[in-house]
Amino acid sequence: MPPTPPPTEIASALGARVLGQDEAVREMAVALAKKVAGLRVGHILMIGSSGTGKTTLMRAVEEYLAATPSLAGRSAVVRLHANVLGEEAEAGRPGAAVFRRLLERAREQLGAGAEREQLLARAGGGLVFVDEVDKIRSHVGGSPNVRGIRAQEALLTLMENEVVPVDLPAWLGGGTAAIDASGLLFVCGGAFEGLYDAVFDRVTIGEDKGALQPVTVVEDGKVAERLIFHLADWLRNDDLFEYGMTPQFLARFDAVVLLADLDVDILSRIFLEIPDSGFQQSRAYFESRGVKLAISPNAVREIARAAARQPRLGARALKEVFRRVVREIEFEPEKHAAQGVFLLDLPHVARALKHE
Ligand SMILES: Nc1ncnc2c1ncn2[C@@H]1O[C@H](COP(=O)(O)OP(=O)(O)O)[C@@H](O)[C@H]1O
Ligand SMILES: [Mg+2]
């Protein structure tokens, strides 16, 4: 077998797609390095506010594995929404959705002529991304969420590293097979909305009142008291139990990784550097109209600042803000351009954002 890439190399590939999340990127890079070396890897739980890059990181891994010749076709990878598991679990087929997809992926990789045993082995060593895992919480608004509970139980069975009975799809002859699931790697991610506030409350006004002490800071020459709160400093397993992740389910994760909230600097970089950013998309459109779109650094910053004021959207806010900025110009780019160039500057941005 060809040598597998080191974590540093994997991290730099993932880090080009997911900015400002070094910790999560490194954790993922090490897990992948172990996985492709055929070693056992502990499951990972990623927690991060909406729009901080969770799904992007999962996609980046899928694409990295597919695009790297020494890794392509080595591991079956699937990404599915936790709600799908909830529905399947309700229908009494826990885990079926996961294996059905893994087997399909295995068939794509190994070809239609692959032996059944080969397919089962490939599926049993797959990488499974479960997105929006917070949707399968065990209770919602004080009442039990049966779908969520069943889905967590189903995942638990697959994560417990045992041989699991799996209903095989018709194309594989149907029936049931015992699949060794000990090689599966689960990476689950979710925003866990409300968790941040719940933990903040716990350490300020709740059970652990007074734990978070204000610090004295000097701002604009004035002395002030501030509460500086980072979820990572205070999050305990109990907080996640209370949120609705059962202790048994949580216990299957070796690592809980918190994604950082994105600041103005990172948002500016995402806006400029990420290929599918609103700016890059608009630039391609302008180009198709024969106009080069340029933007001044302080215009970028103003857009990032406006996006940062909507913390619940994360980097998604960039697109929404930029839409407001370019909407008018996109109608007739040629008219606004001088010598084939349109320079988007700060006054323009300020004007467009003020008009709302
Ligand atoms: N850390 C990041 N680095 C690069 N792009 C990001 C990052 N976070 C979010 N984005 C961009 O914002 C959008 C939403 O990100 P996504 O990963 O779907 O967020 P979520 O954390 O809610 O899953 C995507 O278009 C993505 O390109
Ligand atoms: Mg997402």
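Residues numbered from 1 in each chain as written. Chains lettered and ligands numbered in written order. Predicted model: local features only at pLDDT ≥ 70, side-chain atom pairs only at ≥ 80, totals over all residues. Heavy atoms only, no water.

**Some words on the pattern of salt bridges**
What counts is decided by this rule: Salt bridge, as used here, is a side-chain nitrogen of Lys or Arg placed within 4 Å of a carboxyl oxygen of Asp or Glu. By definition, any uninterrupted DSSP run of H or I lasting at least four residues is a helix, any uninterrupted run of E lasting at least two residues is a strand, and each is numbered from the N terminus. Under the scheme applied here, a residue whose accessible area is under 20% of the maximum for its type counts as buried, over 50% as exposed, and between as partly exposed, the area being computed with a 1.4 Å probe on protein chains only.
A complete count under the given rule lists 20 salt bridges for this structure. The partner of Glu-63 in a salt bridge is Arg-17, and the shortest N-O contact between them spans 2.5 Å. With Glu-63 in helix 3 (residues 54-67) and Arg-17 in the loop between helix 1 (7-15) and helix 2 (22-36), this residue pair connects regions lying 46 residues apart in the sequence. Judged by its relative accessible area of 40%, Glu-63 is partly exposed. Among the ionic pairs, Glu-108 bridges to Arg-105, the shortest N-O distance being 3.2 Å. Of the two residues, Glu-108 and Arg-105 are both situated in helix 5 (residues 96-110); the distance of three residues between them amounts to about one turn of the helix.

**Here we look at the site of ligand 1**
Heads up, the condition is: Each residue is tested against the molecule or strand, and it is near if at least one of its non-hydrogen atoms lies within 4 Å. Only the protein chains shown count as cover for residues, and the accessible areas themselves come from Shrake-Rupley with a 1.4 Å probe. Here the nonpolar group is Ala, Val, Leu, Ile, Met, Phe, Trp, Tyr, Cys and Pro; Asp, Glu, Lys and Arg are the charged ones; every other residue, Gly included, is treated as polar. Start and end positions for the domains come from either an automated domain assignment or a database one.
The environment of ligand 1 is formed by 18 residues, the closest being Leu-19, Gly-51, Lys-54, Thr-55 and Thr-56. Here ligand 1 loses 89% of its free accessible area of 550 Å² to cover by the protein chains. Tallying contributions element by element places helix 3 first for the shell around ligand 1, with three residues. The residue makeup of the shell around ligand 1, split by class, is six nonpolar, eight polar and four charged. Three or more residues apiece are contributed to the shell around ligand 1 by two domains, here domain 1 (7-194 + 235-258) and domain 2 (264-354).

**With respect to the sheet that holds strand 3 (residues 127-131)**
What counts is decided by this rule: In this analysis, strands are considered paired if DSSP registers two or more bridges between them. Axis definition: a line fitted to C-alpha atoms, limited for helices to the stretch in contact. Angles are taken between N-to-C directions and run from 0 to 180 degrees. Two residues form a contact once any of their heavy atoms are found within 4.5 Å.
Spatially, 2-3-8-1-11 is the arrangement adopted by the five strands of the open sheet, whose pairing is parallel. If you trace the sheet from one side to the other, it starts and ends with strand 2 (77-81) and strand 11 (253-258), each paired once. When the angles between neighbouring strand axes are averaged without regard to direction, this sheet yields 15 degrees. In terms of strand pairing, strand 2 meets strand 3 through five bridges, oriented parallel. Residue pairing in the sheet places His-81 in a bridge with Asp-131 of strand 3. Helix 4 (residues 82-90) rests against strand 2 and strand 3 of the sheet, and its axis sits at about 75 degrees to strand 2.

**Quick look at helix 5**
Structural remark: α-helix, 3.6 residues per turn; residues separated by three or four positions point the same way. Spelled out, the test is: What a helix is expected to span follows from its residue count: subtract one and scale by 1.5 Å.
Compared with an ideal rise of 1.5 Å per residue, which puts 15 residues at 21 Å, helix 5 spans 21 Å between its outermost C-alpha atoms and is within 8% of the ideal. If you check which residues of helix 5 are buried, you get Ala-96, Ala-97, Val-98, Phe-99, Leu-102, Leu-103 and Ala-106. Once helix 5 ends, the next one or two residues include Gly-111, with phi positive near 90 degrees.

**What to know about helix 8 (residues 195-204)**
Looking only at helix 8, the buried set comprises Leu-195, Val-199, Arg-202, Val-203 and Thr-204. Close packing links the buried residues of helix 8 with strand 1 (43-47), helix 9 (231-234) and helix 10 (237-243).

**Some remarks on the nonpolar core**
Stated formally: Working definition of a nonpolar core: buried Ala, Val, Leu, Ile, Met, Phe, Trp, Tyr and Cys residues. They are joined through side-chain atoms within 4.5 Å.
Core analysis: the biggest nonpolar cluster contains 49 residues, and Leu-45, Phe-99, Leu-102, Val-128, Val-130, Phe-186 and Phe-192 have the highest contact counts within it. Of all the elements, helix 5 adds the most residues to this core, at six residues. Not counting the four nearest positions on each side in its chain, Val-128 is found in contact with Val-78, Leu-80, Val-98, Leu-102, Leu-184, Leu-185, Phe-186 and Val-187. Ranked by size, the runner-up nonpolar core spans 33 residues in total, among them Ala-317, Val-325, Val-326 and Phe-342.

**Observations regarding the domain arrangement of the protein chain**
Note the cut-off: The term buried area denotes the loss of accessible surface (1.4 Å probe radius) that occurs when two parts are joined, taken as the sum for both partners.
Split into domains, the protein chain comes out as domain 1 (7-194 + 235-258) and domain 2 (264-354). Spacing between the C-alpha centres of domain 1 and domain 2 amounts to 36 Å. Counting residues at the interface gives seven residues for domain 1 and ten residues for domain 2. Carbon and sulfur atoms supply 56% of the area that domain 1 and domain 2 bury against each other, a total of about 670 Å² over both sides. Three residues, Leu-19, Ser-50 and Gly-51, lead the burial of domain 1 against domain 2; their summed loss comes to 68% of the area buried on that side.

**Side note on the packing of aromatic side chains**
As a reminder, the rule being used: Between rings of Phe, Tyr and Trp, where Trp is taken as its six-membered ring, a pair exists when centres lie within 6.5 Å; planes separated by under 30 degrees are stacked, by over 60 edge-to-face, and by other angles tilted. By definition, being over a ring means that NZ of Lys or CZ of Arg is both within 6 Å of the ring centre and within 35 degrees of the ring normal.
Per the stated rule, a full pass over the model turns up nine aromatic pairs. When the centroid spacing of 5.2 Å and the interplanar angle of 55 degrees are considered together, the rings of Phe-192 and Tyr-243 count as tilted. Of this pair, Phe-192 sits in the loop between strand 8 (185-190) and helix 8 while Tyr-243 sits in helix 10; the two residues are 51 residues apart in sequence, bridging distant segments of the chain. Judged by its relative accessible area of 8%, Tyr-243 is buried. With a centroid separation of 6.3 Å and an interplanar angle of 25 degrees, the aromatic rings of Phe-286 and Phe-342 are classed as stacked. With Phe-286 in helix 13 (residues 278-288) and Phe-342 in strand 13 (residues 341-344), this residue pair connects regions lying 56 residues apart in the sequence. Like Phe-342, Phe-286 is buried. Ring pairs connect the aromatic residues Tyr-196, Phe-200 and Phe-229, which therefore count as one cluster. It is Arg-107 that lies over the ring of Trp-171; its NZ or CZ is 3.9 Å from the centre. Between Arg-137 and the ring centre of Tyr-243, over which it is positioned, the NZ or CZ distance is 3.8 Å.

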